[in-house]
Structure formats: C-alpha cells, structure tokens
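If you want the building blocks of each chain, they are given just below.
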Amino acid sequence: MNPENVPLVPVTVEVYGTLRLRTKRKYLYVEIPQVCDRHNLAFALSKVCPDLVGIAINNEGTDIKDTYVINLNGLKFLDGNNFHVNSDDSIILLSNQAGG
Amino acid sequence: MYGYHGKVLVVDLSLKTSRWDYIPEDIYRKYLGGIGLGTYLLYRYCPPQTEPLSEDNPLIFATSPFVGSRLTTTSKFAVLAKSPLTGFIADSLSSSHLADALKSACGDALILLNRARDFTLLHIDNGKPVFMDASDLVGLSTFDTEKSVKDRIGKNVRVASIGPAGENQVLYASIANDGGRQAGRCGLGAVMGFKNIKALAINGNMTTQIYDLDGVERYRRKISAKSLGEGTDKYRNLGTMANVSLFNRFGILPTKNFQQATFENADKISGEELFEKHFEKNAYCSNCTIGCEKILVTTDNGKKNTGRMEYESLFAFGPLCNVDDPNTIIRAARLCDELGMDTVSCGATIAWAMECYEKGISIDGQDEGINLSFLESRDLLKTVSMIGHREGIGNLLALGSKRASEIVGGRSDRWAMHVKGLEMPGYEPRSLKTMALGFAITPRGACHNRTSGYEADLSGSVDRFGVDNRRSEVAVSGEDFTAVLDSLVWCKFLRKAFDDFYSDSAEAYNLITGLDITPAELKVCGERINNLKKLFNIREGWRRSDDTLPHRILNEPLPDGVMPGVVLSQEELDTMVEGYYVCRGWTKDGLIPSSKMCELGLDSLLVN
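All residue numbers refer to position in the chain's written sequence, counted from 1. Each chain takes a letter, starting from A, and each ligand takes a number, starting from 1, following the order in which they are written. With the structure being a predicted model, the display of local features is reserved for residues of pLDDT at least 70 and the display and counting of side-chain atom pairs for 80 or more, all residues being used for whole-chain, interface and lining totals. Only heavy atoms go into the side-chain values, all of them from the structure, while hydrogens and water stay out.

**Re the overall build of chain B**
Quick note on the threshold: Going along the chain from the N terminus, every DSSP run of H or I of four or more residues is numbered as a helix, and every run of E of two or more is numbered as a strand. In this description the radius of gyration comes from C-alpha coordinates, and the expected globular size is given by 2.2 Å times residues to the power 0.38. Burial here depends on accessible area, computed with a 1.4 Å probe over protein chains only, as a share of the maximum for the residue type. Under 20% is buried, over 50% is exposed, and the range in between is partly exposed. Residue contacts are defined here by distance: any two heavy atoms, one from each residue, within 4.5 Å place the two residues in contact. All accessible-area figures derive from a Shrake-Rupley calculation using a 1.4 Å probe, and residue coverage is judged against the displayed protein chains alone.
Helices and strands together make up the secondary structure of chain B, namely 25 helices and 17 strands. Relative to a compact globule of 608 residues, whose C-alpha radius of gyration would be 25 Å, chain B shows 22 Å and is just as compact. Each principal axis of the C-alpha distribution contributes one length, and for chain B these read about 60 × 55 × 45 Å. With 608 residues in all, chain B has 66% of them scored as buried. Contacts spanning at least 24 positions in sequence make up 70% of the contacts within chain B whose residues lie at least 6 apart. Accessible surface, chain B as shown: approximately 19,700 Å² in total, 47% of it carbon and sulfur.

Dropping the structure here:
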C-alpha cells in the first residue's frame, strides 16, 4: 500500500480509550509518506500493531474504519485524503463517538 | 390510540386528590413524549412568573411512546419544572425501571401540583395516590430511602427519591431512582424537596397497545444488534471516562475552574487508568444493551466505597478542583449520589470557592477549619457533605456559583462558571466554538447534552478554533436532533448506531403508534420543542443578555493546550448568537415572531 521509492517520514500515532486498552500502547511509531492518505496510514499501522486490525482498521489492513477519526497534532482533523506530515508530527486516532 | 395512554395523572399534594387529564392526539404528534411532552405540560401547568420554590411550580415526570416497547435504551423519562437554579426551564432525563413503572401507573405523565404539609412518601398504586408519612425517611440517603420504601411497600414498586440535599433545597439537588440513576441537572430535587415529597413509590399494570407488534419485534432485534456494533464501542467499554485523556491532549479539559485547559496529572485520573485499577463492573439500565455505566471501587486504605463514574463527575471533582486522587473523586461522586446532588454543579461551585480562596476572598463559613484550596483536596469530601446538609460554608455553596458570587462579591462573579445559573460541564468553550455557542443559547443553561455542539467540533466538520457562518446551522440542527432524541426517548449513546436517524426513528415511532409520521415531520417536532422551551423562558423573563458565557471565557485567553492564547471575544460570540437567531427564524433580539409560532403550531398556546 505504501508506494516504493517514496521517502518515508517517521511520525507518532497516539491512541486513546479502547484502542489504548486493547493494544496496551499509548504511542505507535510508523513511517509513512510525507504526502499521505488514510490507506497509507492504515497499512503502516497494521504492520506495526496488528491488534488494530478489525478494530480501528478494516480486516484487509487497507483503511481506517469510519468509526475512527484522524487528527494532526491535536489541531486539525483530517478527512484522510492526501494530508501532509512532517517527521515530528503526531497523528491522533480517536473514536468518532465524541463527548458524552 | 397506540403507544400512548392519552392521559396524564395529576396529583394535588395539598388536597390529596388526583384526576386524569386527557391529552389530544395532535399534542402527542407535535411533542412526541419525554422532554417534548414534558415541555408542553410545563408550559400548560406552570403559571407565568411562578416562583420555582413555591406551590405553583409543578413537578412533571413524562414518559414516551417508546417506554414499554422493549427497544434498547428506551426505558427513559423526563423530569421538568421551573428551575430554582436558573429561573428558566429545568428538563432532565433519567432512566431504567422507573420509566416503565411510571407509564404503567401514571399514564403518559405524572404531574405533582402544590405541596404536601409534611414530608410524604407518595405511593402511586396503579393510578391511585396513597399519601404516607415519611418522617422516618428524612435524613436518609437516596440509596437508603429506596431500600426503606421497598421494605415498607414491597419489592414490586419502583422508587424516585431525594436525599438530604433535596430535603434542604440545595439548588442543584437531584432526584434519584433505581439505585443511583439521577435526574441530575437544574435542581429538580430541590423542587421535590420543597413539595415535601421525600419519595415516590410507583407500581401499576396499565398497558398501551402497540400498533405493529411483529414489526416492533423485528425492529427491536435490528437495533439491538446495531447497539452492539462499532457505533457504541466507546460507551460499552470505557464509557465517557475515556474523554479525560483525549480532552487533555486537545486542550479542552477544564482545569482549576477553567483557568487552564490541560491537567498535568490527567494520566492519574484518566478513564484508561481508572478502568485498569478501579473498575468493578458495568451497569445497565433496564432494556439497555449498551451498559455505559462504569462501577468503580476505591483502592486506598480508607473505607471501601463503590460508585458510578462518568466523565462529568470525573472532570468536576478532578481537574476542575485540581484533584488527582482517583479515590477522592470516586468518593465525592458517590457522596453526591447519596446526598442527591448534581455532581457538575457541586464540583463547579466548589471550584469557584477554591478560586476565591486562591485570590484571598473570604467566604462566610470558611472559618470552620475547611481548607478550600486548589493545592489541598483533603476537605473536598467534607465540603460536599456540608453542602448537602447546608452546614457552614455549605449553606452558601448550596446556592450554586452564580448566587454565591453575588453574595460574596469581590468580583467573584468573574470566575463563577455558569450560563443562566447552570454550572458549565467539562468542555472548554474557547477552543470548542460550536460548543461555546451551544452553551450560550441552550434554554436550560450551560449544557452539553441539549446541543451536541461538541460533535461538530470534535469531528472536523468545522474548525473548532474559528468562528464562521456555518456554526449557527450546525448548532440548530444539533439542538433539534437532540430534542427528538430526548423526546422519543432514545439514549444519546445510541446515536451512531442509526443509518439515518430521522428515518429510522420515524419507522420505530410509526410501528409503535401507527401515527404515520414522516422523517421531515419528526425534524419539525425537534424545532417545535426547542421553540417552546424558548417560549417558556421568554415568558419567565428571558433577555438577550442571558444568552452569553462567563466573563472568564470572553475575556481571558486560554493559557495552555494545543493553541495557547486562543480567545473567544464578546464580538465573536455575538456574531454566532445572532447567526443562530437568524437560522431559527427569530428576531435579532432572539424573540420568536408570531409567524414562526404559527408555522410551528405554537400559536394556540399563546391564546391560553
């Protein structure tokens, strides 16, 4: 899913709530293309943390599920299409069930 | 009529009499049930300009057509009165077995008028009121009251009760049912306390017919399956406690009385941490497949304490009061449930007092050895108890932050974090602009549940830091959606399980009632209900200046979080509020023109 010969940048993926409990991790470290989309992210995450497959990532490991939302650095929500990341960025993966 | 009884039970507490009032079918079609039907009944049974703590204020328990249908999450009821905390509409939801009991004993609603002479246990036995002396129950916690009532009358009754806070008319006292569920906000327990009703015991065997029994059963299976899917995952697992760590990361976790939006020890009290170290079990309301309630247990050397925990209680006794000890927070939330008090208003009023202490402003009653400091949480539990019993400093704090700040003075109103008198829940409005608008305009005061503004801010459908024209539309549609949800009544935690909320809900409504309502009509019901709430407030003295936010929010930049320095100016808020009025079809002053009332079928109420 991640195209060959495209330079990859390391980013931190923060997980919360149910994902944190199920993966026993707060942070995941992945390398993704600088211009990335939800498919690249899902592919990289499914390799680093297979526990996410079936929960936040579809069973094929190719997409972030609709019940999860992607945020960059706590500032900007991403629609999953062609977003730009830098090497010190944090991607936050959160449930779409906001608040309560 | 299907789904409804077509009548409500009216009990006069002074005369010890009762009657059935009959409700025309078109009223049900317009207001649905729950909050909608309750708002209609409040408008009708509460005389204009009624003093909240007076005999004229009715106390209304409204059920809905979905109660008794066995559809998941629908065992819910609304409680309404004029709020002693805000002077405006008080509408609160609670759930579980009491909803079914109310519908089988009281028709579509129970309306309590006037006032009993002494503390009374009111037993509604299949529509017949029995007035019983409750002097032996006075002073008991809500839990002990429920147990005592069942011991006296029988295990088949369902109980609504107040604790000492309601007896003492703490202005944010709650009404408890089914072992700790609360109609929490706006001080409905104080209204019940004023009426000298210590407890209601309800049982009955009246039933309503369902229009399409097989259809409802098919629908029930379908929605139950969806309720166990990914759309409710958060609530079934960590519950709303999950908000703490995420809100801290986003810089929207109100801390030290909204002086900050991040809490340095958030990890110590996060939902994840509490779940790992304090979780005992999930609890379910009747007819619920989600089980959002997390029962936590203390783990320190003190007396073992078990209590419900959800985000609002966790935030209010945690970051808001700068408390990072989970055991203290669990005890404070449990104590509030025992005393029968809203955890949000209680925690927020204590946080206001802590800031007074920090700024050197003296409060009467503080000389009793109470150390209300953000640096010291040891007196938190003692203060909660003093509020419930209205002792010492608790007598002042029982009034809520708005009134307490007016009495104390010293510009302490500038950090009294309320809207219309109702304390703010755990969402930082300076960096959640849709939520900010929602807090300002919601009829019952600062409330996250009646607008769902956070939904847009935390999904990326709007820029949560900015102010734009779309904000008003989002607030209106969220508010109308919530009004329908709260009137049918579905639990809010089911909202992501629907494919199309209005279509799915119309289908369920029609299967139960046979009234053949369209999704578009249902949407108009939401608009109508919100307009009627506003109409009630206007009648009770609402002014344009009531749709605002606390001084701190409009004058102090946020010092921390992911966007330090972010502000929400008065001008920005005015722009959003005026845009909201335009979207509602109201005047620029926020009044409802007669043309809008005619359009929504509210004009007949004005004649009365």
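Next comes the rest of the write-up.
**So, the side chain of Arg 38 of chain A**
Residue and element names in this part refer to chain A. Looking at the element boundaries, Arg 38 is found in helix H2 (residues 38-48). Judged by its relative accessible area of 15%, Arg 38 is buried. Non-local contacts of Arg 38, meaning those with residues more than four positions away in its chain, are made with Asp 63, Ile 64, Lys 65, Asp 66, Ile 70, Asp 79, Gly 80 and Phe 83.

**Side note on the interface of chain A and chain B**
How big an interface is tends to be reported as the loss of accessible area on association of its parts. Stated precisely, the cut-off is as follows: Buried area: the accessible surface (1.4 Å probe) lost by two parts on joining, summed over both. What counts as a salt bridge is simple: a side-chain nitrogen of Lys or Arg found within 4 Å of a carboxyl oxygen of Asp or Glu.
Contact with chain A, which involves 29 residues of that partner, is made by 36 residues of chain B. The junction of chain A with chain B conceals about 2,500 Å² of combined surface from both sides, 54% of it contributed by carbon and sulfur atoms. On the chain A side of the contact with chain B, Leu 21, Gln 97 and Gly 100 of chain A bury the most area, a combined 26% of that side's loss. Connecting chain A to chain B are five salt bridges.

**Digging into the environment of Gly 80 of chain A**
Residue and element names in this part refer to chain A. Secondary-structure assignment places Gly 80 in the loop between strand S5 (76-78) and strand S6 (83-84). Gly 80 sits in the buried class, given a relative accessible area of 0%. Linking Gly 80 and Val 48, residues 32 residues apart in sequence, is a C-alpha distance of 19 Å. Gly 80 has contacts with Asp 37, Arg 38 and Ile 70, leaving out every residue within four places of it along the chain.

**A few points about helix H2 (residues 34-45) of chain B**
Put simply, the rule is: The span you would expect from a helix comes to 1.5 Å times its residue count less one.
The terminal C-alpha atoms of H2 of chain B, which comprises twelve residues, lie 16 Å apart, in line with the 16 Å expected from a rise of 1.5 Å per residue. Regarding H2 of chain B, the residues found buried are Gly 34, Ile 35, Gly 36, Leu 37, Gly 38, Thr 39, Tyr 40, Leu 41, Leu 42, Tyr 43 and Tyr 45 of chain B.

**Description of the side chain of Ser 227 of chain B**
Following the sequence through the fold, Ser 227 of chain B ends up in helix H7 (residues 213-227). Not counting residues up to four positions away in its chain, the partners in contact with Ser 227 of chain B are Thr 72, Thr 232, Arg 236, Thr 289, Ile 290, Leu 494 and Ala 497 of chain B.

**Digging into the packing of aromatic side chains**
Residues and elements named next belong to chain B. Spelled out, the test is: Pairing of aromatic side chains here covers Phe, Tyr and the six-membered ring of Trp, requires ring centres within 6.5 Å, and sorts the geometry by plane angle: under 30 degrees stacked, over 60 edge-to-face, intermediate tilted.
Within this structure, the stated rule accounts for 22 aromatic pairs over all chains. A ring pair is formed by Tyr 2 and Tyr 211, whose centres lie 5.3 Å apart and whose planes are at 75°; its orientation type is edge-to-face. One end of the pair, Tyr 2, is in the segment before strand S1 (7-12); the other, Tyr 211, is in the loop between strand S12 (197-203) and H7, and 209 residues separate them in sequence. Assessed through its relative accessible area of 49%, Tyr 211 is described here as partly exposed. Where Tyr 427 meets Tyr 454, the ring centres are 5.0 Å apart and the plane angle is 15°; that geometry is what we call stacked.

Keep in mind these values describe shape, not function.
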